[in-house]
Structure formats: C-alpha cells, structure tokens
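Observations on chain architecture
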Amino acid sequence: MNAILMLKPKATVAFLYNDCSVRQGLEKMRAHGFASIPVISRKGQYCGSITEGDFLWYLIDNRSAELKFLETSTIDDVVRGDFNPPVKVDVDVNELIGRALTQNFIPVVDDRNLFIGIITRQDIIRFFSEKINT
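Summary of the structure given here. Since this is a predicted model, take the numbers as computed values, not measurements.

1. Section: the nonpolar core
Counting 15 residues, the largest nonpolar core has Leu-16, Ile-50, Phe-55 and Ile-75 as the members making the most contacts within it. Contributing elements (two or more residues each) for this core: helix H1 (22–32), strand E3 (36–40) and helix H2 (52–62). With 3 residues, H2 is the single largest residue contributor to this core. Excluding its chain neighbours within four sequence positions, the residues that come into contact with Leu-16 are Gly-25, Lys-28, Ile-37, Pro-38, Val-39, Ile-40, Ile-50, Phe-55 and Ile-75. Grouped together as the second largest cluster of nonpolar side chains are 12 residues, Ala-3, Val-91, Val-108 and Ile-119 included.

2. A short note on the packing of aromatic side chains
Throughout the structure, instances matching the rule amount to 5 aromatic pairs. With 6.2 Å between their ring centres and 20° between their planes, Tyr-46 and Phe-115 make a pair best called stacked. Of this pair, Tyr-46 sits in strand E4 (residues 46–51) while Phe-115 sits in strand E7 (residues 115–120), placing them 69 residues apart in sequence. Exposure class is identical for Tyr-46 and Phe-115. Each is buried. With a centroid separation of 5.2 Å and an interplanar angle of 85°, the aromatic rings of Phe-127 and Phe-128 are classed as edge-to-face. Note on Phe-128: relative accessible area 27%, which makes it partly exposed. The residue whose ring lies beneath Arg-42 is Tyr-17, and the NZ or CZ to ring-centre distance is 4.0 Å. The ring of Phe-83 carries Arg-80 above its face, with NZ or CZ at 4.4 Å from the centroid.

3. Comments concerning the sheet that holds E4
With mixed pairing, the 3 strands of this open sheet are ordered in space as E2-E3-E4. Strand pairing shows two members of the sheet lacking a second neighbour, strand E2 (16–17) and E4, which therefore form its edges. Two elements, E2 and E3, share 2 bridges in a ladder whose sense is parallel. Bridge pairing in E3 places Tyr-17 opposite Ile-40. Strands E2 and E4 of the sheet are contacted by H2, whose axis makes an angle of about 80° with E4.

4. Quick notes on the pairing of E3
Note on strand geometry: in a regular strand, side chains alternate between the two faces of the sheet. Across the 5 residues that make up E3, a large majority, 5, are buried. Here E3 shows two buried faces, one formed by Ser-36, Pro-38 and Ile-40 and the other by Ile-37 and Val-39. Of the pairings in the sheet, the one linking E3 to E4 comprises 5 bridges and is antiparallel in character. Paired with Val-39 across the strands is Gly-48, a residue of E4.

5. Some remarks on a nonpolar patch on the surface
A cluster of nonpolar side chains, Leu-56, Trp-57 and Ile-60, forms an exposed patch at the surface whose accessible area comes to about 330 Å². Note on placement: Leu-56 falls in helix H2. We classify Leu-56 as partly exposed; its relative accessible area is 46%.

Conventions we followed
Residues numbered from 1 in each chain as written. Predicted model: local features only at pLDDT ≥ 70, side-chain atom pairs only at ≥ 80, totals over all residues. Heavy atoms only, no water. Core = buried A, V, L, I, M, F, W, Y, C linked by side-chain atoms within 4.5 Å. Buried < 20%, exposed > 50% of the residue type's maximum accessible area, 1.4 Å probe, protein only. Helix = DSSP H or I, 4+ residues; strand = E, 2+ residues; numbered from the N terminus. Contact = heavy atoms within 4.5 Å. Phe/Tyr/Trp six-rings, centres within 6.5 Å; stacked < 30°, edge-to-face > 60°. Lys NZ or Arg CZ within 6 Å of the ring centre and 35° of its normal. Pairing = 2+ DSSP bridges. Axes fitted to C-alpha atoms, helices over the stretch in contact; angles between N-to-C directions. Patch = residues over 30% accessible without salt bridge, like charges linked within 9 Å, V, L, I, M, F, W, Y side chains within 5 Å. Areas by Shrake-Rupley, 256 points an atom, 1.4 Å probe, with all protein chains shown as cover. Salt bridge = Lys/Arg side-chain N within 4 Å of Asp/Glu carboxyl O.

Right, dumping it as structure tokens:
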C-alpha cells in the first residue's frame, strides 16, 4: 500500500526544527494545541517526535524553568530519537494500523530519511471508511 494516499504533506504539518530553543518549541506546541509534534533538521531529516511530557521531564531533570535556560536549550537537548520512528511511503497497512493504535500520528520519510509528512489516526480511519462505503 502506498502511504501517499493518506499523507498530510510537510507543508501542512506543524513541526519543530531540532535547533530551535526549548521556549520556541513550547510556544509552538501551545499555539497549535498539540501534545506531540515531529522534529526535523534544517536539512529536512526526521530527528524524532517530542511530547509535552518530554519537555516536563527535561525541566524537572535540569531543575530549571527560567526563561534564559529555556532560550539557550535546544530541542536537540530534549527530543527522543527512538520515540515514534518514521515509516517509508511503501509501509505495510498492518504496520500503519498497529502504529495508529498507540500514536496519534505516524511520521513518513522518503528513502533519504527526509521528512515528507504524517499520517494521522483520523486519516487512516477516514481512508478505510471511504473504502467500505464505496
């Protein structure tokens, strides 16, 4: 199955650059109301996903929520690269469904590990609902 059929392209997805400050990351997540967001490098490579909990534990571990600390720390300091690994566009439908059971979105990369977008749980449900109803 080609994941392109369900893909929300990068241009329409909120994401963070890995070199942004922690403060910028928190502000962007708050503005969009997300609990988790993809992180990419300036070259477009997928670095991982970051959650509100990641930020919280980072602040607790460093015992600081001061503005200066938040502005000098980067997303690279917080992101877990092994959390929510990406899939390629030729991903097996069973893997997509399995991943959607535990994640709200699945990051999608091309063969060069460049982030091209996400597939949301809602997109998967909508796709199969339309197939059933046609």
